[in-house]
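# Structure at a glance
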Amino acid sequence: MGREGQGMDSESLIAAVIGLEAEAQARGASDRPAVRTPLGTLEPLLRQLRDRDALAFDMLLDHTAVDWPEEGRFEVMYRLFSLRHGHDLLVCADVPRDHPVVPTMCGIWPSAEFQEREVYDLFGIEYDQHPDLRRVFLEDDWQGHPLRKDYQDPDMLEDPRK
Amino acid sequence: MGLILDKAPAILEHIPGGSIVVTTLDWAINQSRANSLWPLAFGTKCCAIEVLMATGAAHQDLSRFGAEVARHTTRQADMMIVAGTIVKKMAPRVRLLYEQMAEPRYVIATGSCAISGGPFMYNSYHIVRGVDEVIPVDVYVPGCPPRPEAFFWGLLTLQRLIKQGETIRKPGIRTKPVLSALPAGMTAEQVREEIARELERENVVDVNQAAERLPWAAKVREWIQNHSSQP
Ligand code: SF4
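From a predicted model like this one, the values you see are computed outputs, not experimental measurements.

Let us look at a nonpolar patch on the surface. Residues and elements named next belong to chain B. On the surface, a cluster of nonpolar side chains totalling about 610 Å² of accessible area is made up of Ile 20, Leu 214, Trp 216, Val 220, Trp 223 and Ile 224. Among the elements that line the nonpolar patch, the one with the most residues is helix α9 (residues 217-229), at three residues. Of note, Val 220 is situated in helix α9.

Structure below.
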């Protein structure tokens, strides 16, 4: 698949995303074009990002999450890349920490299946409609989700120098 | 072979002079064990690049020690080089692979990860703090990662352990584990010289000196003197 030109620059990408979804905003503090959008609009927005010819994000490079316990939220992140145009974009959404349920993106990018299992494994975020939501790295009988900041483990050692 | 070796000491010890045979057998067996250690390629992390790949390549050349035949099946290996972090999920597999190796089996733990958990010791949910929590270790080689010459130093230590410490009288009994840190300020050149000296000492046999070390050497000397003094 040949690339057509260099793709869009940051400002026009962000403007195009906001044109698609009025509630999305640019997200500061990022090394690449990034937008934040409410959870409810996440799935339709991502589907349009893949389907629009001018954007054509046909690849989900990475999906991960960040835990912000003081603010009581997880931030889920989708790092998208367009093989056709060669531009990339970060899409974020906030999920409440006490009820972490996100719609699955397996219908848009099949590669999301394993990445969502990984996030479920390490953060305990659940994916609505996911075909096979099981742990992927840790053992099946593992208790808790270790990348949560408040994770406790009897085997864990605290650094005595702190 | 195993059966003969198991039975040999029990039979031989009762024959007059049998102990000498057992001791000589020990010497020969230990020499061959020490100089044909076949490592199990067991690299779990960054140490593997230094300890298994760099040492095996032409510049460092692991085959000088008879240890270059890296096996990828436990059945053919007799030394496990644990090069890298062991995580909780890996630990049962390490144990299984160790159990599968044939006796006698040796373990070298290289790098701070395999010794103690290293940089991942604190606040980590996945680490096993030292591979010796799972399997017995013979030689520890510190470093992050150890340089190839430090690893060779560890290998030399293991070879010395085998040559001195083992006997078929007590199969499976081993000397205590050893920390084999490269002495401070030692350079690669010095390690190479040490290795050359060691090899030279072992491979060159001075027949006269060897005869002197035998238990009946004094008697032989006496006999020769007595006979040469008589015209
Ligand atoms: S000791 Fe250092 S080099 Fe070796 S596996 Fe651990 S982190 Fe990597």
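Residue and element names in this part refer to chain A. Listing the buried residues of helix α1 (residues 10-20) in full gives Leu 13, Ile 14, Val 17 and Leu 20. Down the axis of α1, the smallest arc covering the buried residues is 120°, so these residues share one side. For α1, the exposed residues set more than 90 degrees away from the buried face come down to Glu 11 and Gly 19. Turning to α1, the residues buried within the fold contact β1 (25-26), β2 (34-36), α2 (42-51) and β5 (88-96).

Residue position: Thr110(B) is located in strand β3 (residues 106-110). Note on Thr110(B): relative accessible area 0%, which makes it buried.

Bringing the site of the ligand into the picture now. Residues and elements named next belong to chain B. The immediate surroundings of the ligand are formed by Lys 45, Cys 46, Cys 47, Gly 84, Gly 111, Ser 112, Cys 113, Gly 143, Cys 144 and Pro 145. A per-element tally of the shell around the ligand places helix α5 (residues 111-116) first, with three residues. Here the residues of the shell around the ligand sort into five nonpolar, four polar and one charged.

With that out of the way, let us pick up the domain arrangement of chain B. Residue and element names in this part refer to chain B. You can read the domains of chain B as domain 1 (36-180) and domain 2 (188-229). Counting from both sides, the interface comprises ten residues of domain 1 and, opposite them, seven residues of domain 2. In total, domain 1 and domain 2 occlude about 800 Å² of area from one another, counting both sides; carbon and sulfur atoms represent 57% of this. Inspection of the domain 1/domain 2 interface yields zero salt bridges.

Now for the environment of Ala112(A). Residues and elements named next belong to chain A. Assignment of secondary structure puts Ala 112 in helix α3 (residues 112-123). Relative accessible area serves as the criterion here: at 1%, Ala 112 is assigned to the buried category. Separated by 49 residues in sequence, Ala 112 and His 63 have C-alpha atoms that sit 7.5 Å apart. Setting aside chain neighbours within four positions, we find Ala 112 in contact with Leu 60, Met 105 and Cys 106.

Of the residues lining the interface, eight residues belong to chain B; the matching set on chain A comes to 18 residues. In total, about 1100 Å² of surface goes out of reach between chain B and chain A, with carbon and sulfur atoms giving 55% of it. Of all residues in chain B, the largest losses of buried area upon contact with chain A belong to Tyr122(B), Asn123(B) and Tyr125(B), amounting jointly to 58% of the total for that side. Taken together, the connections running from chain B to chain A amount to two salt bridges. Where Lys88(B) meets Asp155(A), a salt bridge forms, and the shortest distance between an N and an O atom there is 3.3 Å.

The next subject is the packing of aromatic side chains. All names here are of chain A. For the coordinates displayed, the defined rule picks out four aromatic pairs over all chains. Taken together, a centroid distance of 6.3 Å and an interplanar angle of 80° make the contact between Phe 74 and Phe 123 edge-to-face. In this pair, Phe 74 is assigned in strand β4 (residues 73-81) and Phe 123 in helix α3, connecting sequence segments 49 residues apart. By relative accessible area, which is 0% here, Phe 74 ends up buried. Assessed through its relative accessible area of 7%, Phe 123 is described here as buried.

Turning to the confidence of the model for chain B, a few remarks are in order. All names here are of chain B. Within chain B, residue pLDDT values average 81, and 89% of them lie at 70 or more. Here helix α1 (residues 2-12) is the element of chain B with the lowest mean pLDDT, 70, and helix α4 (residues 91-100) is the one with the highest, 91. Model confidence for the complex is summarised by a pTM of 0.74, with the ipTM given as 0.71.

We now examine the pairing of strand β2 (residues 79-83) of chain B. Residue and element names in this part refer to chain B. Judged by how many residues are buried, β2 sits mostly within the fold: five of five residues are covered. Side chains of β2 alternate between two faces, with Met 79, Ile 81 and Ala 83 and Met 80 and Val 82 buried alike. Examined bridge by bridge, strand β1 (residues 39-43) and β2 share five bridges and lie parallel to one another. Bridge pairing links Pro 39 to Met 79 in β2. Looking at chain direction, β2 and β3 are connected through five bridges and run parallel. Residue pairing in the sheet places Met 79 in a bridge with Tyr 106 of β3. Handedness of the crossover joining β2 and β3 through α4 is recorded here as right-handed.

Right, let's get into the sheet that holds β3(B). Residue and element names in this part refer to chain B. The strand order β1-β2-β3-β4-β5 describes an open sheet built from five strands, whose pairing is parallel. Looking at the sheet topology across the chains shown, the edges are occupied by β1 and β5 (178-179). Across the sheet, helix α3 (residues 47-54) lies against β1, β2 and β3, angled at about 145° from β2, the strand it touches most. Those strands touched by α4 are β1, β2 and β3, and its axis lies near 160° from that of β2.

We now examine the pattern of salt bridges. Tallied over the entire structure, the rule returns 20 salt bridges over all chains. Between Arg147(B) and Glu149(B) there is a salt bridge, with the nearest N and O atoms lying 2.6 Å from each other. Several salt bridges converge on common partners, so that one network encompasses Arg27(A), Arg36(A), Glu71(A), Arg73(A), Glu75(A) and Asp94(A).

Rules used in this analysis
Residues numbered from 1 in each chain as written. Chains lettered and ligands numbered in written order. Predicted model: local features only at pLDDT ≥ 70, side-chain atom pairs only at ≥ 80, totals over all residues. Heavy atoms only, no water. Patch = residues over 30% accessible without salt bridge, like charges linked within 9 Å, V, L, I, M, F, W, Y side chains within 5 Å. Areas by Shrake-Rupley, 256 points an atom, 1.4 Å probe, with all protein chains shown as cover. Salt bridge = Lys/Arg side-chain N within 4 Å of Asp/Glu carboxyl O. Helix = DSSP H or I, 4+ residues; strand = E, 2+ residues; numbered from the N terminus. Buried < 20%, exposed > 50% of the residue type's maximum accessible area, 1.4 Å probe, protein only. Arc of directions from axis to C-beta. Contact = heavy atoms within 4.5 Å. Near = heavy atom within 4 Å. Nonpolar A, V, L, I, M, F, W, Y, C, P; charged D, E, K, R; others polar. Domains from an automatic or database assignment. Buried area = accessible area lost by both parts, 1.4 Å probe. Phe/Tyr/Trp six-rings, centres within 6.5 Å; stacked < 30°, edge-to-face > 60°. pLDDT = per-residue confidence, 0-100. Pairing = 2+ DSSP bridges. Right-handed = clockwise from strand over helix to strand, strands pointing away. Axes fitted to C-alpha atoms, helices over the stretch in contact; angles between N-to-C directions.

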